[in-house]
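Inside the fold
Here is what each chain is made of, one letter per residue.
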Amino acid sequence: MASNGKMTSMKRIMAVCNKEIPDRVPFLLTSREFGIKYAGLKYAQCYEDPNLYVNSQLRLLEEFELDGVWDIWCTPAVDEAMGAHMVVAEDDPPWIPEPYLNEREDISKLKPVDPRKDGRMPYMLEVVSRLKKAVGPDVPVIAWASPPFRTACMLRGSANLYLDIFDDPKFVKDLLDITYEACTAYGKALVDAGADIICTSNPVANMDCISRRHYEEFSHPYTKKMFGELKAHGAKAILYHTCGRWDDRFDLVCAENVDIIHCDKVDIKDFKEKYSDRIVVMGNVKSVVTLLQGTEEQVREETLACLQKGAPGGRYIISADCAVPRDTNPDNVRAMAAVVKQYRDYPLNF
Amino acid sequence: MAVELQEIAKALIAGSQDQVRQLVGEALKEGVAPQEILQKGLIAGMDEVGRRFKANEMFVPEVLLCARAMHAGMDVLKPVMVEGAQGNKEKVVIGTVKGDLHDIGKNLVIMMLEGAGFKVIDLGMNVSPEKFLEVFEAEKPAVIGMSAMLTTTMQAMRDTIALFEKQGQRHKVKFLVGGAPVTAEFANKIGADGYGADAGEALELVKEFTLGRSA
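Not measured: the values here are computed from a predicted model. (Residues numbered from 1 in each chain as written. Chains lettered and ligands numbered in written order. Predicted model: local features only at pLDDT ≥ 70, side-chain atom pairs only at ≥ 80, totals over all residues. Heavy atoms only, no water.)

On to the sheet that holds strand β5 (residues 260-263) of chain A. The pairing of strands in a sheet comes from backbone hydrogen bonds and takes either a parallel or an antiparallel form. Residues and elements named next belong to chain A. Sheet architecture is open: seven strands sit in the order β1-β2-β3-β4-β5-β6-β7, paired in parallel fashion. Two strands bound the open sheet, and with one partner strand each, they are β1 (69-70) and β7 (316-320). For strand β3 (residues 197-201) and strand β4 (residues 237-242), the ladder comprises five bridges, and the chain directions are parallel. Bridge pairing links C199 to L239 in β4. Contacting β1 and β2 (141-144), helix α6 (residues 121-135) crosses the sheet at an angle of about 165° to β2. (Pairing = 2+ DSSP bridges. Helix = DSSP H or I, 4+ residues; strand = E, 2+ residues; numbered from the N terminus. Contact = heavy atoms within 4.5 Å. Axes fitted to C-alpha atoms, helices over the stretch in contact; angles between N-to-C directions.)

In this section: the UniProt feature "domain: Uroporphyrinogen decarboxylase (URO-D)" (unreviewed entry) in chain A. Under the feature "domain: Uroporphyrinogen decarboxylase (URO-D)" (unreviewed entry), the UniProt entry names residues 8-343 of chain A. Across residues 8-343 of chain A, helical content stands at 50% and strand content at 10%; the span's end C-alpha atoms are separated by 18 Å. (UniProt positions renumbered as here; feature names shortened; annotations may be inferred.)

Grouped together as the largest cluster of nonpolar side chains are 177 residues, with contacts concentrated most on F149 of chain A together with I8 and L42 of chain B. By residue number, the principal contributor to this core is helix α9 (residues 169-193) of chain A, which donates 12 residues. Of all hydrophobic cores here, the second largest spans 27 residues; its members include V97, V135, A148 and F164 of chain B. (Core = buried A, V, L, I, M, F, W, Y, C linked by side-chain atoms within 4.5 Å. Buried < 20%, exposed > 50% of the residue type's maximum accessible area, 1.4 Å probe, protein only.)

In the case of a regular strand, side chains alternate between the two sheet surfaces. As judged from the four bridges shared by strand β1 (residues 91-96) of chain B and strand β2 (residues 119-122) of chain B, these two strands associate in the parallel manner. Along β2 of chain B, the bridge assignment pairs V92 of chain B with V120 of chain B.

Moving on: the interface of chain B and chain A. Each side of the interface is counted separately: chain B has 20 residues, and chain A has 24 residues. Both faces combined, the contact of chain B with chain A buries some 1,900 Å², and carbon together with sulfur accounts for 65% of it. Considering only the side of chain B, the residues that lose the most area to chain A are F59, P61 and T152 of chain B, jointly responsible for 25% of the buried surface there. Between the two partners, chain B and chain A, sit one salt bridge. Of all the elements in the fold, those that place two or more residues in the side of chain B that touches chain A are α4 (60-77) and α8 (184-189) of chain B. (Buried area = accessible area lost by both parts, 1.4 Å probe. Salt bridge = Lys/Arg side-chain N within 4 Å of Asp/Glu carboxyl O.)

With that out of the way, let us pick up the packing of aromatic side chains. When we look at a pair of aromatic rings, we describe it by the centre distance and by the angle of the planes. Residues and elements named next belong to chain A. Tallied over the entire structure, the rule returns 15 aromatic pairs over all chains. For the pair Y215 and W246, a centre-to-centre distance of 5.6 Å together with 90° between the ring planes defines the contact as edge-to-face. Placement of the pair is Y215 in helix α10 (residues 212-218) and W246 in the loop between β4 and α12 (250-254), with a sequence separation of 31 residues. The class for Y215 is buried, based on a relative accessible area of 0%. You can call W246 buried: its relative accessible area is 0%. Judged by centre distance (5.8 Å) and plane angle (35°), the ring pair of Y343 and F350 falls under tilted. Its relative accessible area of 18% is what places Y343 among the buried residues. F350 gets classed as partly exposed once you look at its relative accessible area, which sits at 39%. Three or more aromatic residues link up through ring pairs in this structure, and these residues are Y215, F227, Y240 and W246. (Phe/Tyr/Trp six-rings, centres within 6.5 Å; stacked < 30°, edge-to-face > 60°.)

Given below as structure tokens:
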């Protein structure tokens with residue numbers, strides 16, 4: 001699937017990762033839920049038939065001239081494979097309703113995972129494989145893998161794990177060793193299935209939740225090692241979505257073998273001045289306030305403002321600041337895509 | 001040597017439940033009034049915790065630790081406190097809205113409110129508009145707090161307020177909303193009385209809403 005520009009989507013994204021100026025500003029939208037609704041589908045249907053989901057992504061790729069497709073959303077894939085009970089809702093992403101490790105002793109219940117056999121993982125890999133076959137080598141497939149700290153929090157319950165940090169730090173590290181193995185195994189399987197970019201998010205490890213000191217001790221080393229392994233295994237890039245406030249630890253994220261940081265609460269221009277020697281920034285048209293709740297005019301204004309701040313000098317991917325909400329008016333996404341198309345070409349002409 | 005009530009606050013801020021339990025017990029033995037221990041020891045400690053949390057000097061794990069210490073102290077105090085002397089008796093009903101199973105933020109708000117002496121009725125997660133109404137009618141709280149983490153579920157906040165309007169109960173209670181995708185603009189649009197960006201702001205708003213009401 002060739003793009004209309006001089007570069008393919010894959011080359012365009014790799015160019016910004018390699019500190020080169022691409023032919024135009026890459027455009028990505030985390031669009032799983034929105035794409036499913038846009039195709040007239042429900043989540044549960046996409047968990048039954050991978051082709052329905054693949055086609056929903058292909059439609060967005062074509063209509064909005066995006067530079068990548070995303071796997072179906074299943075944050076607890078590893079948790080389920082390790083033994084936790086996962087609920088698949090009619091029209092929402094799956095979740096784990098109860099912590100699996102109610103007591104610290106329950107750690108012995110955790111099973112090593114085989115991504116090709118356990119839980120929902122084989123289905124996830126099938127979706128990624130079909131996406132890759134559909135888009136070919138020129139368009140990146142982006143697939144999500146949980147960082148070890150997040151999976152540990154989900155299995156134990158975040159509040160329990162936060163207290164374990166004080167009560168029994170050895171338990172926390174033992175659990176992180178286990179989730180590191182499982183998350184890395186799943187990430188490698190995603191790469192084997194055809195994922196070009198591994199994305200992640202870690203909302204339980206931001207400044208709204210834990211201190212930098214705890215992040216350095218319990219999240220950073222595990223994520224750094226996992227992403228290093230995934231890149232050695234063939235992942236072309238790592239994309240880290242930072243939910244919430246990360247101001248005091250962006251430097252640590254940059255040092256975690258991450259190539260692209262997907263930010264919400266930052267000024268793109270300021271962020272680039274501080275970090276663009278180390279990392280590509282992606283974002284950050286406000287997905288709720290502007291895309292979901294705003295007018296087309298507000299979407300146009302904010303998209304242009306983001307391009308003006310982010311695009312000069314490259315190292316930038318235009319996007320929303322988080323996932324495009326399911327119920328977003330497609331006209332707002334069209335308005336964003338139209339502004340991107342008008343101003344995306346290098347050399348820039350605002 | 002008499003127990004200094006600020007030592008209780010200090011032990012609470014340090015997150016030491018054993019020390020808080022011990023100091024509260026000693027203060028009681030020395031004849032200090034339970035209400036005084038509560039106000040100048042436990043609540044004073046949690047006020048400082050709230051300040052440090054807002055200033056990014058403390059984070060969720062530390063606040064959880066302090067809240068656990070506060071509860072340890074309360075467990076010692078409660079049996080000897082006369083009815084009506086357990087601090088501010090204003091009730092706050094709180095829950096994560098229908099379809100949503102996130103509760104870290106909600107629980108943090110609960111800790112701050114309890115730390116400030118409010119009586120909190122936690123409805124847990126996945127709370128329907130009908131459930132909020134049912135509990136409101138039974139408990140008559142001054143404030144209802146609603147939390148949502150998802151763009152899809154935040155719409156349930158609107159449905160809840162609309163149900164209260166329909167039943168003629170809206171004017172009897174203040175609605176406070178919060179959660180990652182929620183904004184002040186959204187809160188305003190759905191007719192909520194306030195939006196708390198974090199647990200500290202939520203506490204300030206509840207204090208503001210209940211100011212001057214009979215405790």
